[in-house]
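# An overview of the molecular structure
Take a look at the letters that make up each chain.
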Amino acid sequence: MTVSTKTKHNKSKILVSLLAASVAFAIAPNANAKKQTPEEIAVIKHGKEIFEKYGVDEDLPKFGMSSLAQGEHLVEHVHRRFVVGDKVTESTAYLVKNTDNKGNIDLRIKYNKEELDENEDIISDIEKSTRTEYRLRNYAQSYDPSSVKAVERGDGIVDISFKYSKYALPQDIAYFRFLEVNIEVKDGVPQRMVISNSKPFKFDGYLAEKYHQEIDLAQHDNGAIYIASKKVTIDGRRGKKVARYESETYPVAFFDDKEGVKVMDKQRLEEVSDPRMQVENVKLDRVFPLMGDMVRRQGIDLPLPYGISVAYRNQDMNIPMSDYVIGGVRLNDLFDPSDSIATVNAESISLRGDVNILPFWNVFGYVGKINVDANVDAAYTGEAGQAIKDKLNDKLNGLGDAFCDGLSVLCNTGRLNVPLHLEYDLRGVGTTLSVGYREFFASVTGTYSQTRLKGLTDWGDGIVTVQPMLGYQLVDYRAQIFFGAEYQGLDSRMQGTVKTGDIEFDYDVGVELNNWAFLTGFNKQIGKNYNLSVLYNKGETRDSFTVNLGYRF
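Right, let's walk through the structure included here. (Residues numbered from 1 in each chain as written. Predicted model: local features only at pLDDT ≥ 70, side-chain atom pairs only at ≥ 80, totals over all residues. Heavy atoms only, no water.)

What the protein contains, in helices and strands, is seven helices and 27 strands. Within the protein, the fraction of its 553 residues that count as buried is 48%. Considering only contacts in the protein between residues 6 or more positions apart, those separated by 24 or more positions represent 63%. As displayed, the protein has an accessible area near 27200 Å², and 53% of this comes from carbon and sulfur atoms. (Helix = DSSP H or I, 4+ residues; strand = E, 2+ residues; numbered from the N terminus. Buried < 20%, exposed > 50% of the residue type's maximum accessible area, 1.4 Å probe, protein only. Contact = heavy atoms within 4.5 Å. Areas by Shrake-Rupley, 256 points an atom, 1.4 Å probe, with all protein chains shown as cover.)

Structure (structure tokens):
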């Protein structure tokens with residue numbers, strides 16, 4: 001039997017609605033709560049005590065991440081050199097930082113165009129790196145207190161070593177968790193910081209095999225420590241070519257409302273003050289997530305605010321029947337609902353866009369396509385034929401038997417299979433709320449979806465999907481595993497219109513569905529911007545899997 005199906009107005013909650021959850025999947029942002037256990041407080045205290053004992057300011061580790069942590073108003077000179085294979089590029093520029101009374105930062109890049117390599121977009125690269133340094137300048141806990149150690153070498157020299165905190169680091173500079181730091185202190189005054197890597201990591205398109213950062217420290221007249229010079233060398237590979245990155249940063253001048261101007265390099269200050277120097281403003285603050293900067297200052301990592309992703313979902317379902325109403329007539333005597341079942345396979349592909357409005361609140365919208373292949377296997381009771389047989393035998397003995405011998409299909413029990421192939425458009429909106437503590441997180445995602453049969457203009461009734469989840473973050477691998485449940489708010493009846501040839505009739509079929517199903521899966525961050533998610537769903541009447549590839553920016 002060839003059957004084509006069309007939906008009635010607001011009656012499209014049929015089997016295809018089961019795929020509406022194909023884009024509901026969302027991983028909780030990597031937001032780690034600040035509350036600490038007594039044991040953790042004791043560890044932090046121990047790390048602070050070592051710093052205090054040897055005269056090291058707790059903010060000093062931030063110098064390895066960001067030279068902008070030195071002060072509110074400053075000028076720096078930056079020289080960079082790239083070597084990739086036989087290709088060498090070099091550029092020089094100045095960074096000018098100014099902070100107003102409200103804490104807003106104005107950051108500018110000043111440069112002589114002749115000192116920029118024409119083959120290198122240094123303005124874009126410096127803007128990107130300084131935006132990251134700006135975010136890092138106020139991180140509450142940049143180092144791991146449990147890793148702090150002190151070794152007294154004699155003659156007043158002490159080596160203090162530590163590692164950066166793997167929890168507080170933003171996802172786009174997570175390579176800092178592979179770095180080890182040593183501060184050389186002499187007679188209670190920090191002299192030098194040396195930072196090296198414990199394992200290779202990816203850095204701005206390079207595979208960094210050997211990382212070395214050396215910071216020479218000095219003191220202002222008021223005793224404050226500043227960076228006298230900062231040199232970074234990275235040896236590794238870019239693709240198949242040997243690569244080397246070198247940068248040198250020197251202070252030019254510090255400006256302080258109380259202490260006045262401290263000029264470290266008069267010649268360079270005159271150069272950067274030349275009105276003929278070209279200027280590029282660096283846009284530091286982003287609108288979303290709202291309150292994001294305030295959260296980052298507490299040492300809490302947040303994902304990039306905007307995302308776009310593609311999701312594929314494949315779902316199988318066995319749907320037991322409970323009632324048949326065809327053309328307004330209940331036919332349970334003719335077709336046995338308890339011995340009937342519908343099997344469904346549905347595939348969907350969808351495109352989703354999302355934004356983090358608040359650090360713990362994500363909203364998204366999506367559109368997509370769904371293909372459904374279904375088969376309704378109905379048990380025919382044969383009671384209609386038996387009724388005709390009995391009436392014919394009452395009129396003429398044997399006539400009913402002869403009738404059923406000729407039309408055995410009508411008089412005997414059997415099965416009726418109705419295959420269906422349906423194509424639908426999909427649209428919807430959703431939101432995710434999330435919270436985390438250290439490696440653990442919890443989230444709940446809700447969506448509202450609608451489907452529309454291909455070729456029609458009316459959208460059907462909406463379906464609500466809810467996914468509560470608990471998960472664990474593998475911090476060193478930038479991955480999450482999670483468990484939870486999925487609720488699909490489906491009706492217990494399927495309604496619509498069937499048309500076959502010149503015959504057209506309404507149907508209203510009762511079904512027995514379990515709206516809840518178990519889910520599990522994982523999410524893996526790939527580089528700074530990409531992530532891959534896989535979700536498996538298993539319930540009493542359905543199972544499915546979802547693959548989602550996303551890009552954040």
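A few words now on a negative patch on the surface. Side chains of E72, D221, D256, D257 and E259 sit close together on the surface and give a patch of like negative charge. Inspection of the secondary structure puts E72 in the loop between helix 1 (38-53) and strand 2 (74-84). (Patch = residues over 30% accessible without salt bridge, like charges linked within 9 Å, V, L, I, M, F, W, Y side chains within 5 Å. Salt bridge = Lys/Arg side-chain N within 4 Å of Asp/Glu carboxyl O. Lys, Arg positive; Asp, Glu negative; His and termini not counted. Charge placed at Lys NZ, Arg CZ, Asp CG, Glu CD.)

Throughout the structure, instances matching the rule amount to 14 aromatic pairs. Seen in terms of ring centroids, F82 and Y206 are 6.1 Å apart; in terms of plane orientation they differ by 15°. Their pairing is stacked. Of this pair, F82 sits in strand 2 while Y206 sits in strand 10 (residues 206-219), placing them 124 residues apart in sequence. For F82, a relative accessible area of 10% translates into the label buried. We classify Y206 as buried; its relative accessible area is 9%. The ring of F364 has R352 lying over it, and the distance from NZ or CZ to the ring centre is 3.9 Å. (Phe/Tyr/Trp six-rings, centres within 6.5 Å; stacked < 30°, edge-to-face > 60°. Lys NZ or Arg CZ within 6 Å of the ring centre and 35° of its normal.)

Another aspect to go through is the side chain of H220. The topology assignment puts H220 in the loop between strand 10 and strand 11 (225-238). Apart from the residues lying within four places of it in its own chain, the contact partners of H220 are Y226, F254 and K262.

This part covers the nonpolar core. What tends to happen in soluble globular proteins is that the nonpolar side chains get buried as a cluster. Counting 36 residues, the largest nonpolar core has I160, F162, Y164, I183, M193 and F201 as the members making the most contacts within it. The leading source of residues in this core is strand 10, at five residues. If we skip the residues at most four places from it in the chain, I160 touches I50, F51, Y54, V56, V148, K149, A150, V181, N182, I183 and V185. Judged by nonpolar contacts, the second largest core, of 20 residues, contains M321, A342, V372 and L420. (Core = buried A, V, L, I, M, F, W, Y, C linked by side-chain atoms within 4.5 Å.)

Okay, the pattern of salt bridges next. If you walk through the whole model with that rule in mind, you get 19 salt bridges. One salt bridge in this structure joins D265 and R268, with 3.7 Å as the shortest N-O distance. One salt bridge in this structure joins D425 and R452, with 3.1 Å as the shortest N-O distance. Taken as a pair, D425 in strand 19 (residues 414-437) and R452 in strand 20 (residues 440-453) lie far apart in primary sequence, 27 residues in all. Salt bridges sharing partners connect three or more residues here, namely R81, E90, D235, R244 and E246.

For the rest of this paragraph, the subject is the pairing of strand 10. Sheet topology note: the strand 8 (residues 189-197)/strand 10 ladder contains five bridges and is antiparallel. Within the sheet, the bridge partner assigned to I195 lies in strand 10 and is Q213. As judged from the three bridges shared by strand 9 (residues 201-203) and strand 10, these two strands associate in the antiparallel manner. The partner of K202 across the bridge, within strand 10, is L207. Here strand 9 hands over to strand 10 after two residues, with D204 in that stretch at a positive phi of 50°. Pairing analysis gives twelve bridges linking strand 10 to strand 11, with the strands arranged antiparallel. The partner of Y211 across the bridge, within strand 11, is I234. The loop that links strand 10 with its antiparallel partner strand 11 comprises five residues; one of these, G223, has a positive phi angle of about 95°. (Pairing = 2+ DSSP bridges.)

Following the sequence through the fold, N523 ends up in strand 25 (residues 516-526). A polar side-chain atom of N523 sits 2.7 Å from a polar atom in the side chain of Q480. (Polar contact = N/O pair within 3.5 Å; in protein donor to acceptor, adjacent residues only side chain to side chain.)

A few words now on the environment of Q467. As for its position among the elements, Q467 is in strand 21 (residues 463-474). In sequence terms Q467 and Q488 are 21 residues apart; their C-alpha atoms lie 9.0 Å from each other. Separated by 2.8 Å, the side chains of Q467 and E486 make a polar contact.

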